[in-house]
Amino acid sequence: MRLLQAACPHPNPLPQAGEGIRSCVAVAVVLVTLFASSAALARRQPPPAVIPTEETQKARDLYKVGRYPDAVAAAKAALNKNERYTPAMLVMAKSYYKLHKYEWMKKLWEMMQANGASSAEKAEIYQLLAFLEVDAKNVPGAIILFKQAADAKPDDAILWNNLGAQYLAAKNYADAAPVLERASQLQPGFAKAHLNLGDAYRGLKQHEKAQEEYQKALQLFPNYADAVFNLGILYLDADKMPNMDLFAKENAAIQYFQKYKQMMGGTLPPSDPAEGYIAEAQDKIKKEEKRLDRMKKQQEREAARAAKKAADDAKKAAAAGGQPVPPPGAMPAPPAAAPAPPAPPPGPPVLQ
(Lines give C-alpha, C1' and ligand atoms only; values in the text may rest on other atoms or scores of the structure.)
Protein backbone atom coordinates (compact mmCIF):
# COMPACT_ATOMS: atom_id res chain seq x y z
CA MET A 1 0.00 0.00 0.00
CA ARG A 2 2.93 2.36 0.72
CA LEU A 3 4.34 1.62 -2.71
CA LEU A 4 1.05 2.48 -4.33
CA GLN A 5 0.84 5.68 -2.31
CA ALA A 6 4.31 6.75 -3.28
CA ALA A 7 3.60 6.09 -6.93
CA CYS A 8 0.25 7.89 -7.03
CA PRO A 9 0.25 11.74 -6.86
CA HIS A 10 -3.31 11.92 -5.50
CA PRO A 11 -3.65 12.60 -1.76
CA ASN A 12 -6.56 10.20 -1.61
CA PRO A 13 -5.40 6.62 -2.29
CA LEU A 14 -8.79 5.95 -3.92
CA PRO A 15 -9.48 8.89 -6.28
CA GLN A 16 -12.99 9.21 -7.68
CA ALA A 17 -11.93 9.34 -11.34
CA GLY A 18 -11.59 5.88 -12.89
CA GLU A 19 -8.82 7.08 -15.20
CA GLY A 20 -6.72 8.22 -12.22
CA ILE A 21 -7.02 4.82 -10.58
CA ARG A 22 -5.82 3.08 -13.74
CA SER A 23 -2.81 5.48 -14.02
CA CYS A 24 -1.68 4.88 -10.42
CA VAL A 25 -1.98 1.13 -10.79
CA ALA A 26 0.07 1.20 -14.00
CA VAL A 27 2.87 3.17 -12.37
CA ALA A 28 2.89 0.81 -9.41
CA VAL A 29 3.15 -2.21 -11.68
CA VAL A 30 6.12 -0.67 -13.50
CA LEU A 31 7.96 0.03 -10.24
CA VAL A 32 7.32 -3.45 -8.89
CA THR A 33 8.65 -4.89 -12.16
CA LEU A 34 11.80 -2.76 -11.99
CA PHE A 35 12.52 -3.79 -8.39
CA ALA A 36 11.98 -7.44 -9.26
CA SER A 37 14.30 -7.17 -12.30
CA SER A 38 17.05 -5.52 -10.22
CA ALA A 39 16.86 -8.25 -7.60
CA ALA A 40 17.07 -10.96 -10.26
CA LEU A 41 20.04 -9.25 -11.92
CA ALA A 42 21.84 -9.02 -8.58
CA ARG A 43 21.30 -12.74 -8.06
CA ARG A 44 22.78 -13.51 -11.51
CA GLN A 45 26.00 -11.42 -11.05
CA PRO A 46 29.03 -13.26 -9.57
CA PRO A 47 30.23 -12.24 -6.13
CA PRO A 48 33.21 -9.87 -5.94
CA ALA A 49 36.57 -11.59 -6.41
CA VAL A 50 38.31 -12.78 -3.28
CA ILE A 51 41.80 -11.39 -2.79
CA PRO A 52 43.83 -14.17 -1.09
CA THR A 53 46.36 -11.78 0.44
CA GLU A 54 47.14 -13.89 3.49
CA GLU A 55 47.78 -17.10 1.56
CA THR A 56 49.91 -15.33 -1.04
CA GLN A 57 52.03 -13.62 1.61
CA LYS A 58 52.54 -16.98 3.31
CA ALA A 59 53.72 -18.39 -0.03
CA ARG A 60 56.16 -15.49 -0.44
CA ASP A 61 57.58 -16.00 3.05
CA LEU A 62 58.08 -19.72 2.44
CA TYR A 63 59.79 -18.99 -0.87
CA LYS A 64 62.20 -16.55 0.76
CA VAL A 65 63.43 -19.17 3.24
CA GLY A 66 63.86 -21.81 0.53
CA ARG A 67 60.82 -23.95 1.36
CA TYR A 68 59.76 -24.20 -2.25
CA PRO A 69 57.34 -27.18 -2.05
CA ASP A 70 55.54 -25.48 0.84
CA ALA A 71 55.47 -22.23 -1.11
CA VAL A 72 53.78 -24.06 -3.98
CA ALA A 73 51.17 -25.46 -1.59
CA ALA A 74 50.46 -22.03 -0.11
CA ALA A 75 50.17 -20.51 -3.60
CA LYS A 76 47.71 -23.26 -4.56
CA ALA A 77 45.62 -22.39 -1.52
CA ALA A 78 45.53 -18.79 -2.71
CA LEU A 79 44.53 -19.84 -6.23
CA ASN A 80 41.77 -22.05 -4.85
CA LYS A 81 40.18 -18.84 -3.57
CA ASN A 82 40.90 -16.86 -6.73
CA GLU A 83 42.14 -18.81 -9.72
CA ARG A 84 43.03 -15.63 -11.62
CA TYR A 85 45.22 -14.08 -8.93
CA THR A 86 48.55 -13.49 -10.73
CA PRO A 87 50.65 -12.66 -7.61
CA ALA A 88 50.05 -16.20 -6.35
CA MET A 89 50.87 -17.58 -9.82
CA LEU A 90 54.17 -15.69 -9.74
CA VAL A 91 55.24 -17.21 -6.41
CA MET A 92 54.32 -20.65 -7.69
CA ALA A 93 56.24 -20.12 -10.96
CA LYS A 94 59.35 -18.96 -9.08
CA SER A 95 59.11 -21.95 -6.77
CA TYR A 96 58.84 -24.34 -9.70
CA TYR A 97 61.92 -22.71 -11.22
CA LYS A 98 63.85 -23.41 -8.02
CA LEU A 99 62.56 -27.00 -8.08
CA HIS A 100 63.77 -27.33 -11.73
CA LYS A 101 60.21 -27.91 -12.92
CA TYR A 102 60.62 -25.56 -15.84
CA GLU A 103 57.66 -26.77 -17.93
CA TRP A 104 55.29 -26.08 -15.06
CA MET A 105 56.86 -22.67 -14.64
CA LYS A 106 56.27 -21.91 -18.34
CA LYS A 107 52.65 -23.09 -18.07
CA LEU A 108 52.07 -20.70 -15.20
CA TRP A 109 53.64 -17.93 -17.29
CA GLU A 110 51.01 -18.58 -19.98
CA MET A 111 48.27 -18.37 -17.34
CA MET A 112 49.72 -15.11 -15.99
CA GLN A 113 49.73 -13.56 -19.46
CA ALA A 114 46.13 -14.64 -20.03
CA ASN A 115 45.06 -13.04 -16.74
CA GLY A 116 46.72 -9.66 -17.20
CA ALA A 117 50.01 -9.95 -15.33
CA SER A 118 51.52 -6.62 -14.30
CA SER A 119 54.72 -5.26 -15.83
CA ALA A 120 56.65 -6.01 -12.64
CA GLU A 121 55.41 -9.62 -12.67
CA LYS A 122 56.36 -9.96 -16.34
CA ALA A 123 59.84 -8.66 -15.55
CA GLU A 124 60.39 -11.41 -12.97
CA ILE A 125 59.32 -14.16 -15.35
CA TYR A 126 61.38 -12.75 -18.21
CA GLN A 127 64.40 -12.88 -15.92
CA LEU A 128 63.75 -16.52 -14.98
CA LEU A 129 63.44 -17.42 -18.66
CA ALA A 130 66.68 -15.54 -19.32
CA PHE A 131 68.45 -17.58 -16.63
CA LEU A 132 67.37 -20.73 -18.46
CA GLU A 133 69.05 -19.39 -21.60
CA VAL A 134 72.19 -18.58 -19.62
CA ASP A 135 72.27 -22.17 -18.34
CA ALA A 136 71.91 -23.34 -21.94
CA LYS A 137 74.83 -21.03 -22.91
CA ASN A 138 72.56 -19.17 -25.31
CA VAL A 139 73.91 -15.68 -24.74
CA PRO A 140 71.93 -13.97 -27.57
CA GLY A 141 68.68 -15.48 -26.26
CA ALA A 142 69.51 -14.41 -22.71
CA ILE A 143 70.21 -10.86 -23.90
CA ILE A 144 66.77 -10.63 -25.56
CA LEU A 145 64.96 -11.81 -22.42
CA PHE A 146 66.97 -9.68 -20.00
CA LYS A 147 66.24 -6.68 -22.21
CA GLN A 148 62.51 -7.46 -22.07
CA ALA A 149 62.78 -7.72 -18.29
CA ALA A 150 64.57 -4.39 -17.98
CA ASP A 151 62.11 -2.69 -20.33
CA ALA A 152 59.20 -4.03 -18.27
CA LYS A 153 60.71 -2.76 -15.02
CA PRO A 154 63.11 0.06 -15.99
CA ASP A 155 63.82 1.19 -12.42
CA ASP A 156 65.32 -2.17 -11.38
CA ALA A 157 69.13 -1.95 -11.19
CA ILE A 158 69.53 -5.73 -10.91
CA LEU A 159 67.83 -6.30 -14.26
CA TRP A 160 70.07 -3.77 -16.01
CA ASN A 161 73.14 -5.28 -14.36
CA ASN A 162 72.17 -8.77 -15.52
CA LEU A 163 71.66 -7.49 -19.05
CA GLY A 164 75.07 -5.81 -18.94
CA ALA A 165 76.69 -9.01 -17.71
CA GLN A 166 75.42 -10.83 -20.79
CA TYR A 167 76.78 -8.10 -23.06
CA LEU A 168 80.13 -8.64 -21.34
CA ALA A 169 79.86 -12.38 -21.96
CA ALA A 170 79.37 -11.57 -25.64
CA LYS A 171 82.37 -9.16 -25.49
CA ASN A 172 80.01 -6.40 -26.63
CA TYR A 173 81.62 -3.72 -24.48
CA ALA A 174 80.08 -0.81 -26.38
CA ASP A 175 76.53 -1.92 -25.48
CA ALA A 176 77.53 -3.12 -22.02
CA ALA A 177 78.88 0.24 -20.83
CA PRO A 178 75.67 2.37 -21.04
CA VAL A 179 73.53 -0.44 -19.61
CA LEU A 180 75.85 -0.87 -16.62
CA GLU A 181 76.12 2.90 -16.18
CA ARG A 182 72.34 2.92 -15.79
CA ALA A 183 72.48 0.12 -13.22
CA SER A 184 75.08 1.96 -11.13
CA GLN A 185 73.12 5.21 -11.38
CA LEU A 186 69.87 3.56 -10.27
CA GLN A 187 71.63 1.95 -7.31
CA PRO A 188 74.96 3.68 -6.51
CA GLY A 189 75.64 1.23 -3.68
CA PHE A 190 75.50 -1.79 -6.01
CA ALA A 191 79.11 -3.04 -5.91
CA LYS A 192 78.58 -5.70 -8.58
CA ALA A 193 77.33 -3.09 -11.05
CA HIS A 194 80.50 -1.03 -10.52
CA LEU A 195 82.65 -4.13 -10.98
CA ASN A 196 80.92 -5.02 -14.25
CA LEU A 197 81.09 -1.42 -15.44
CA GLY A 198 84.85 -1.50 -14.78
CA ASP A 199 85.06 -4.61 -16.98
CA ALA A 200 83.19 -2.80 -19.76
CA TYR A 201 85.56 0.17 -19.59
CA ARG A 202 88.55 -2.17 -19.55
CA GLY A 203 87.22 -3.82 -22.71
CA LEU A 204 86.96 -0.36 -24.29
CA LYS A 205 90.61 0.39 -23.29
CA GLN A 206 89.42 3.17 -20.98
CA HIS A 207 91.84 2.10 -18.28
CA GLU A 208 91.52 5.06 -15.92
CA LYS A 209 87.71 4.82 -15.85
CA ALA A 210 87.96 1.07 -15.29
CA GLN A 211 90.29 1.59 -12.33
CA GLU A 212 87.89 4.16 -10.87
CA GLU A 213 84.94 1.74 -11.01
CA TYR A 214 86.94 -1.08 -9.42
CA GLN A 215 87.96 1.26 -6.62
CA LYS A 216 84.31 2.26 -6.10
CA ALA A 217 83.40 -1.40 -5.74
CA LEU A 218 86.14 -1.82 -3.12
CA GLN A 219 84.96 1.26 -1.24
CA LEU A 220 81.50 -0.28 -1.01
CA PHE A 221 82.81 -3.74 -0.19
CA PRO A 222 86.44 -3.68 1.09
CA ASN A 223 86.72 -7.48 1.03
CA TYR A 224 85.57 -7.74 -2.57
CA ALA A 225 88.16 -10.21 -3.87
CA ASP A 226 86.82 -10.06 -7.44
CA ALA A 227 87.51 -6.33 -7.60
CA VAL A 228 91.10 -6.87 -6.44
CA PHE A 229 91.54 -9.64 -9.00
CA ASN A 230 90.17 -7.46 -11.80
CA LEU A 231 92.55 -4.65 -10.85
CA GLY A 232 95.36 -7.17 -11.32
CA ILE A 233 94.01 -8.05 -14.77
CA LEU A 234 93.74 -4.36 -15.63
CA TYR A 235 97.40 -3.69 -14.85
CA LEU A 236 98.54 -6.92 -16.46
CA ASP A 237 96.77 -6.38 -19.78
CA ALA A 238 96.97 -2.60 -20.22
CA ASP A 239 99.53 -1.42 -22.77
CA LYS A 240 100.36 1.44 -20.44
CA MET A 241 99.05 3.04 -17.30
CA PRO A 242 99.40 6.75 -16.42
CA ASN A 243 102.74 7.69 -14.85
CA MET A 244 104.01 4.10 -14.88
CA ASP A 245 106.68 2.28 -16.81
CA LEU A 246 106.36 -1.41 -17.54
CA PHE A 247 108.14 -2.46 -14.35
CA ALA A 248 105.82 -0.43 -12.12
CA LYS A 249 102.75 -1.62 -14.04
CA GLU A 250 103.60 -5.31 -13.85
CA ASN A 251 104.68 -5.11 -10.22
CA ALA A 252 101.33 -3.48 -9.39
CA ALA A 253 99.58 -6.40 -11.14
CA ILE A 254 101.60 -8.89 -9.08
CA GLN A 255 100.71 -7.10 -5.85
CA TYR A 256 96.98 -7.19 -6.66
CA PHE A 257 97.07 -10.90 -7.50
CA GLN A 258 98.96 -11.69 -4.32
CA LYS A 259 96.44 -9.69 -2.29
CA TYR A 260 93.62 -11.55 -4.02
CA LYS A 261 95.17 -14.89 -3.04
CA GLN A 262 95.46 -13.76 0.57
CA MET A 263 91.82 -12.64 0.61
CA MET A 264 90.64 -15.96 -0.81
CA GLY A 265 92.74 -17.99 1.61
CA GLY A 266 91.77 -21.63 1.81
CA THR A 267 88.79 -21.13 -0.49
CA LEU A 268 91.05 -20.58 -3.50
CA PRO A 269 90.49 -23.53 -5.87
CA PRO A 270 93.51 -25.26 -7.45
CA SER A 271 92.33 -24.16 -10.89
CA ASP A 272 92.38 -20.45 -10.00
CA PRO A 273 94.43 -18.52 -12.59
CA ALA A 274 95.99 -15.97 -10.19
CA GLU A 275 99.29 -17.81 -9.86
CA GLY A 276 99.56 -18.13 -13.62
CA TYR A 277 98.96 -14.39 -14.02
CA ILE A 278 101.68 -13.64 -11.47
CA ALA A 279 104.09 -15.77 -13.49
CA GLU A 280 102.99 -13.95 -16.65
CA ALA A 281 103.71 -10.56 -15.08
CA GLN A 282 107.12 -11.76 -13.85
CA ASP A 283 107.90 -13.06 -17.33
CA LYS A 284 107.05 -9.66 -18.81
CA ILE A 285 109.45 -8.02 -16.36
CA LYS A 286 112.25 -10.44 -17.31
CA LYS A 287 111.62 -9.88 -21.00
CA GLU A 288 111.73 -6.12 -20.49
CA GLU A 289 115.00 -6.42 -18.57
CA LYS A 290 116.49 -8.47 -21.41
CA ARG A 291 115.19 -5.98 -23.97
CA LEU A 292 116.77 -3.09 -22.11
CA ASP A 293 120.03 -5.05 -21.76
CA ARG A 294 120.07 -5.76 -25.48
CA MET A 295 119.36 -2.11 -26.17
CA LYS A 296 122.24 -1.05 -23.92
CA LYS A 297 124.66 -3.43 -25.62
CA GLN A 298 123.46 -2.26 -29.00
CA GLN A 299 124.14 1.34 -28.02
CA GLU A 300 127.62 0.36 -26.80
CA ARG A 301 128.35 -1.42 -30.08
CA GLU A 302 127.14 1.57 -32.06
CA ALA A 303 129.33 3.89 -29.97
CA ALA A 304 132.35 1.62 -30.54
CA ARG A 305 131.70 1.54 -34.26
CA ALA A 306 131.38 5.31 -34.32
CA ALA A 307 134.69 5.69 -32.44
CA LYS A 308 136.43 3.26 -34.79
CA LYS A 309 135.08 5.08 -37.82
CA ALA A 310 136.29 8.40 -36.41
CA ALA A 311 139.76 6.89 -35.84
CA ASP A 312 139.86 5.44 -39.35
CA ASP A 313 138.80 8.75 -40.82
CA ALA A 314 141.56 10.47 -38.86
CA LYS A 315 144.16 8.02 -40.17
CA LYS A 316 143.05 8.58 -43.73
CA ALA A 317 143.15 12.33 -43.31
CA ALA A 318 146.62 12.19 -41.75
CA ALA A 319 147.94 9.92 -44.48
CA ALA A 320 146.62 12.22 -47.15
CA GLY A 321 148.38 15.27 -45.57
CA GLY A 322 151.76 13.58 -45.00
CA GLN A 323 151.38 13.87 -41.27
CA PRO A 324 152.38 11.04 -38.93
CA VAL A 325 149.48 8.85 -38.03
CA PRO A 326 148.56 9.27 -34.36
CA PRO A 327 148.42 6.13 -32.28
CA PRO A 328 144.95 4.69 -31.65
CA GLY A 329 143.07 6.73 -29.11
CA ALA A 330 145.44 9.74 -29.41
CA MET A 331 144.03 13.17 -29.94
CA PRO A 332 144.51 14.44 -33.50
CA ALA A 333 147.32 17.02 -33.95
CA PRO A 334 146.23 20.63 -33.99
CA PRO A 335 146.18 22.23 -37.43
CA ALA A 336 149.36 24.09 -38.54
CA ALA A 337 149.50 27.79 -37.80
CA ALA A 338 148.66 30.10 -40.69
CA PRO A 339 151.71 31.93 -42.29
CA ALA A 340 152.33 35.50 -41.13
CA PRO A 341 151.17 38.25 -43.53
CA PRO A 342 153.97 39.94 -45.64
CA ALA A 343 155.67 43.11 -44.27
CA PRO A 344 154.45 46.40 -45.76
CA PRO A 345 156.78 48.14 -48.31
CA PRO A 346 159.16 50.84 -46.95
CA GLY A 347 157.74 54.37 -46.90
CA PRO A 348 159.43 57.57 -48.34
CA PRO A 349 162.43 58.96 -46.52
CA VAL A 350 161.70 61.42 -43.74
CA LEU A 351 163.27 64.91 -44.27
CA GLN A 352 165.17 66.45 -41.43
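Residues numbered from 1 in each chain as written. Predicted model: local features only at pLDDT ≥ 70, side-chain atom pairs only at ≥ 80, totals over all residues. Heavy atoms only, no water.

Asks: Explain the overall build of the protein to me, please; I cannot follow it from the model alone.
Replies: Secondary structure assignment for the protein yields 15 helices and zero strands. Across the 352 residues of the protein, 33% fall into the buried class. By sequence separation, contacts in the protein at least 24 residues apart represent 49% of the contacts at least 6 residues apart. Roughly 22700 Å² of accessible area belongs to the protein as shown, and the carbon and sulfur atoms make up 58% of that amount. (Helix = DSSP H or I, 4+ residues; strand = E, 2+ residues; numbered from the N terminus. Buried < 20%, exposed > 50% of the residue type's maximum accessible area, 1.4 Å probe, protein only. Contact = heavy atoms within 4.5 Å. Areas by Shrake-Rupley, 256 points an atom, 1.4 Å probe, with all protein chains shown as cover.)

Asks: What is the right way to read the nonpolar core from this model?
Replies: One recurring pattern in soluble globular proteins is that nonpolar side chains are buried together. Met-105 and Ile-125 are the most contacted members of the largest nonpolar core, which has 80 residues in total. Considering every element that reaches this core, the biggest residue donor is helix H13 (residues 225–237), with nine residues. Ignoring anything within four residues of it in the chain, the contact list for Ile-125 reads Leu-90, Ala-93, Trp-109 and Met-112. (Core = buried A, V, L, I, M, F, W, Y, C linked by side-chain atoms within 4.5 Å.)

Asks: Please clarify how unusual backbone geometry should be interpreted in this entry.
Replies: If a residue is not glycine, its phi is most likely negative; likewise, a peptide bond is most likely trans. The phi dihedral of Lys-137 is positive, around 60°, even though this residue is not glycine. In this structure, Lys-137 sits in the loop between helix H7 (119–135) and helix H8 (139–152).

Asks: Got a minute to help me understand the packing of helix H5 (residues 86–98) against H7 in this structure?
Replies: Packed helix pairs are characterised by how far apart their axes lie and by the angle those axes make with each other. Between H5 and H7, the least distance of the axes is 10 Å, while the angle of their chain directions is 15°. What the angle tells us is that H5 and H7 run roughly parallel. Where H5 crosses over H7, the handedness of that crossing is left-handed. Contacts from Thr-86, Pro-87, Leu-90, Ala-93, Lys-94 and Tyr-97 of H5 reach H7 at Glu-121, Glu-124, Ile-125, Leu-128, Phe-131, Leu-132 and Asp-135. (Axes fitted to C-alpha atoms, helices over the stretch in contact; angles between N-to-C directions. Parallel < 35°, antiparallel > 145°, perpendicular 65-115°, else oblique. Left-handed = near helix turned anticlockwise from the far one by under 90°.)

Asks: How should I be thinking about the environment of Glu-275 in this particular structure?
Replies: Tracing the backbone through its elements, the reader meets Glu-275 in helix H15 (residues 274–320). Taking the relative accessible area as the measure of exposure, Glu-275 reaches 43% and is therefore partly exposed. Taking C-alpha positions, Glu-275 is 9.2 Å from Ile-254, a pair spaced 21 residues apart along the chain.

Asks: How should I be thinking about the packing of aromatic side chains in this particular structure?
Replies: Within a pair of aromatic rings, the relevant descriptors are the distance that separates the centres and the angle that separates the planes. On inspection of all chains with the given rule, the structure shows 11 aromatic pairs. Here the aromatic rings of Phe-229 and Phe-257 are separated by 5.6 Å at their centres, their planes lie at 65°, and the arrangement is edge-to-face. Remark: Phe-257 occurs in helix H14 (residues 246–264) and Phe-229 occurs in helix H13; sequence separation between them is 28 residues. Considered together, Phe-229 and Phe-257 belong to a single accessibility category, that of buried residues. (Phe/Tyr/Trp six-rings, centres within 6.5 Å; stacked < 30°, edge-to-face > 60°.)

Asks: For this particular structure, what's the right way to read the environment of Phe-229?
Replies: For Phe-229, a relative accessible area of 15% corresponds to the buried category. Along the primary structure Phe-229 and Tyr-260 are separated by 31 residues, whereas in three dimensions their C-alpha atoms are 5.7 Å apart. Setting aside its immediate chain neighbours within four residues, Phe-229 contacts Phe-257, Tyr-260, Pro-273, Ala-274 and Tyr-277.

Asks: Which parts of the structure should I look at to understand the side chain of Asn-161?
Replies: Structurally, Asn-161 can be placed in helix H9 (residues 157–169). If sequence neighbours within four positions are ignored, Asn-161 has contacts with Leu-180, Ala-183, Phe-190, Lys-192, Ala-193 and Asn-196.

Asks: I keep staring at H13 and nothing clicks. Help me out?
Replies: Residues spaced three or four apart along an α-helix face the same direction, because each turn holds 3.6 residues. With 13 residues, H13 extends 18 Å between its outermost C-alpha atoms, agreeing within 8% with the 18 Å of an ideal straight helix rising 1.5 Å per residue. Most of H13 sits inside the fold, with 11 of its 13 residues counted as buried. Every buried residue belonging to H13 is among Ala-225, Ala-227, Val-228, Phe-229, Asn-230, Leu-231, Gly-232, Ile-233, Leu-234, Tyr-235 and Leu-236, and all of these are buried. Among the structural elements, helix H11 (191–203), helix H12 (207–220), H14 and H15 are those in contact with the buried residues of H13. (Expected span 1.5 Å × (residues − 1).)

Asks: Even after reading the chapter, I still don't get H5, so can you show me in this structure?
Replies: Under the 1.5 Å per step criterion, the end-to-end length of H5 is 18 Å for 13 residues, consistent within 8% with the ideal 18 Å. Residues Thr-86, Pro-87, Ala-88, Met-89, Leu-90, Val-91, Met-92, Ala-93, Lys-94, Ser-95, Tyr-96 and Tyr-97 constitute the buried set of H5. On its buried face, H5 sits against helix H3 (53–64), helix H4 (68–81), helix H6 (102–114) and H7. Just downstream of H5, His-100 is the residue with a positive phi angle, here 65°.

Asks: Could you clarify how one ought to interpret the packing of H5 against H6 in this entry?
Replies: Interaxial distance between H5 and H6 falls to 8 Å at its minimum, and their mutual angle equals 160°. Viewed along their axes, H5 and H6 adopt a mutual orientation that is roughly antiparallel. Crossing hand, H5 versus H6: left-handed. Across the interface between the two elements, Thr-86, Met-89, Leu-90, Met-92, Ala-93, Tyr-96 and Tyr-97 from H5 touch Tyr-102, Trp-104, Met-105, Leu-108, Met-111 and Met-112 from H6.

Asks: Please explain the pattern of salt bridges as it appears in this structure.
Replies: Any two side chains of opposite charge can pair, given that their charged atoms come close. Summed over all chains, the structure comprises 16 salt bridges. A salt bridge links Asp-156 to Lys-153, with the nearest nitrogen and oxygen atoms 3.6 Å apart. Since its relative accessible area comes to 18%, Asp-156 is described here as buried. Overall, Lys-153 belongs to the partly exposed group, its relative accessible area being 28%. Residue Asp-199 is joined to Arg-202 by a salt bridge in which the shortest nitrogen-to-oxygen separation is 3.4 Å. Pair noted here: Asp-199 and Arg-202 are both in helix H11, with a separation of three residues, about one helical turn. (Salt bridge = Lys/Arg side-chain N within 4 Å of Asp/Glu carboxyl O.)

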